[in-house]
Amino acid sequence: EEQKAQHHERIKTLLKKNNAVLVAHYYTDPEIQALAEETGGCVSDSLEMARFGAEHSADTLIVAGVKFMGETAKILTPEKTVLMPTLEATCSLDLGCPADKFSEFCDSHPERTVVVYANTSAAVKARADYVVTSSMALELVEHLDAQGKKILWGPDRHLGGYIAKQTGADMIMWQGACVVHDEFKSRALQQLKEEYPNAAVLVHPESPDNVVALADAVGSTSQLIKASQTMANDTFIVATDKGIFYKMQQLAPGKTFIEAPTGGNGATCRSCAHCPWMAMNGLAAIENALTTGGKAHEIQVDPELGKQAMIPLNRMLDFAK
Ligand code: 13P
Ligand code: SF4
């Protein structure tokens, strides 16, 4: 605790000294989210992180999350220095969608509009017509479908499948998945619902369709947090990364939040839902990034690639306005 407090104080000083601001995702550890709040930074979903970073006047952004979030920040504001606690923090969706293979997939369907999830590399974004996050993907696909467009979607097959089902849009999909959300289990969730008959089930759409089918609300991290505040239930079963409980508890302190069950070696596990890459973000790493910067912490995006990727990213921000 004392060590944490010392990190806190030193990071605060470093943020001021470097004219830097901390931008954190809801899945990061509670102490990071608290620090971002205390220092005038932001804690949010991936869409709002992108917007906040792009609009903020700081010279340096320190992005606590995973690599695609730092890259998005750099692409949108190449003149800023973008630091991350660690550049090793990636995402299974990004890893599972190499740009060369994805580009071949696009080339074999030239008539389709390419829509990619923000959880991708700069090179994959550069190949896309639109970038989306889970908080506006459904609306954008609806909009494109209404214009008669056929869609090539990547990389998350669960989110893509959910959107196709909701909108009826013609979509072909890259077969990626999130290692965290893919583990939620429908049968165990059904049993938990029976144990807590008054609980509402909140599900992130990166989860398998048979888990989404049991949901009372489906949405992005920010949409699930909103649901936990506005729904009348006093208990919620939550199928997304457990980092989100910090904000849910803060905004609805009287309510009870329960982790949805995940599989793990065949056994049911109720505390596994934490992204291993989000977990790499720590106070010591933030302090280190602000002190040393450089190769180990600074996000670099090839300027030409960045220019290409900025086009679909700006379409995302414009559409979400
Ligand atoms: P959100 O856009 O809902 O914050 O999701 C980001 C993410 O990585 C979910 O796993
Ligand atoms: Fe990627 Fe899943 Fe981690 Fe989100 S929770 S960053 S989608 S691996």
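This is a predicted model, so every value here is computed, not measured.

Engineer: How do you make sense of the sheet that holds strand 10 (residues 217–218) when you look at a structure like this?
Structural biologist: The pairing of strands in a sheet comes from backbone hydrogen bonds and takes either a parallel or an antiparallel form. Strand order across the open sheet formed by four strands is 10-9-11-12, with parallel pairing between neighbours. In this open sheet, the two strands that pair with only one neighbour each are strand 10 and strand 12 (256–259). Its contacts with the sheet put helix 12 (residues 221–230) on strand 9 (200–203), strand 10 and strand 11 (235–239), and the angle it makes with strand 9 is roughly 165°.

Engineer: I keep staring at the site of ligand 1 and nothing clicks. Help me out?
Structural biologist: Around ligand 1, the neighbouring residues are Asp45, Ser46, Leu47, Asn119, Thr133, Ser134, Ser135, Cys178, Glu206, Ser220 and Thr221. Tallied by class, the residues present in the shell around ligand 1 amount to two nonpolar, seven polar and two charged.

Engineer: Which parts of the structure should I look at to understand the domain arrangement of the protein?
Structural biologist: The extent of an interface is frequently quoted as the accessible surface area lost upon association of the parts. By domain assignment, the protein separates into domain 1 (2–89 + 278–300), domain 2 (93–173) and domain 3 (181–269). Taking the mean C-alpha position of each, domain 1 and domain 2 sit 28 Å from one another. At the junction of the two partners, domain 1 supplies eight residues and domain 2 supplies nine residues. Here the element with the most residues in the side of domain 1 that touches domain 2 is helix 4 (residues 67–76); it accounts for five residues. Split by residue class, the side of domain 1 that touches domain 2 holds three nonpolar, two polar and three charged.

Engineer: Would you mind showing me how to read the pairing of strand 1 (residues 20–25) here?
Structural biologist: Note on strand geometry: in a regular strand, side chains alternate between the two faces of the sheet. Of all six residues making up strand 1, six are buried, and the element is well covered by its neighbours. Neither face of strand 1 is open: one carries Ala20, Leu22 and Ala24, the other Val21, Val23 and His25, and all of them are buried. Pairing analysis gives five bridges linking strand 1 to strand 3 (residues 60–64), with the strands arranged parallel. Within the sheet, the bridge partner assigned to Val21 lies in strand 3 and is Leu61. Once you follow strand 1 into helix 2 (residues 30–38) and on to strand 2 (residues 42–44), the crossover reads as right-handed.

Engineer: Please explain helix 1 (residues 2–17) as it appears in this structure.
Structural biologist: Helical geometry note: an α-helix holds 3.6 residues per turn, so side chains three or four residues apart project in the same direction. Counted at 1.5 Å a residue, the expected span for helix 1 with its 16 residues is 22 Å, and the 23 Å between its end C-alpha atoms agrees. Taken from the residues just after helix 1, Asn19 is the one with a positive phi, measuring 45°.

Engineer: Any chance you could explain the sheet that holds strand 4 (residues 81–83) here in plain terms?
Structural biologist: Spatially, the four strands line up as an open sheet ordered 2-1-3-4, and their pairing is parallel. Edge positions in the sheet fall to strand 2 and strand 4, since each of these pairs with one other strand and no more. When the angles between neighbouring strand axes are averaged without regard to direction, this sheet yields 20°. Bridge count between strand 3 and strand 4: three bridges; the pairing is parallel. Across the sheet, Leu61 pairs through a bridge with Val82, a residue of strand 4. Of the strands in this sheet, strand 1, strand 2 and strand 3 are in contact with helix 2, which crosses strand 1 at around 140°.

Engineer: Help me understand the UniProt feature "binding site: [4Fe-4S] cluster" (unreviewed entry) in the protein, please; the structure alone is not making it clear to me.
Structural biologist: Per the UniProt record, the feature "binding site: [4Fe-4S] cluster" (unreviewed entry) sits at Cys91, Cys178 and Cys275. Spanning 185 residues, the named residues nonetheless gather at one spot, since no C-alpha pair among them exceeds 9.1 Å. As for its placement among the helices and strands, Cys91 is situated in the loop between strand 4 and helix 5 (92–95). Not counting residues within four places of it along the chain, the set of residues in contact with Cys91 comprises Val66, Phe68, Asn119 and Trp277. Within the fold, Cys178 resides in the loop between strand 8 (171–173) and helix 10 (186–195). By the C-beta count within 10 Å, which is 24 here, Cys178 ends up buried. Not counting residues up to four positions away in its chain, the partners in contact with Cys178 are Ser92, Leu93, Asp156 and Glu206.

Cut-off values and rules
Residues numbered from 1 in each chain as written. Chains lettered and ligands numbered in written order. Predicted model: local features only at pLDDT ≥ 70, side-chain atom pairs only at ≥ 80, totals over all residues. Pairing = 2+ DSSP bridges. Helix = DSSP H or I, 4+ residues; strand = E, 2+ residues; numbered from the N terminus. Contact = placed C-beta atoms within 7 Å. Axes fitted to C-alpha atoms, helices over the stretch in contact; angles between N-to-C directions. Near = placed C-beta within 6 Å. Nonpolar A, V, L, I, M, F, W, Y, C, P; charged D, E, K, R; others polar. Domains from an automatic or database assignment. Buried ≥ 20, exposed ≤ 12 C-beta atoms within 10 Å, placed from the backbone. Right-handed = clockwise from strand over helix to strand, strands pointing away. Expected span 1.5 Å × (residues − 1). UniProt positions renumbered as here; feature names shortened; annotations may be inferred.

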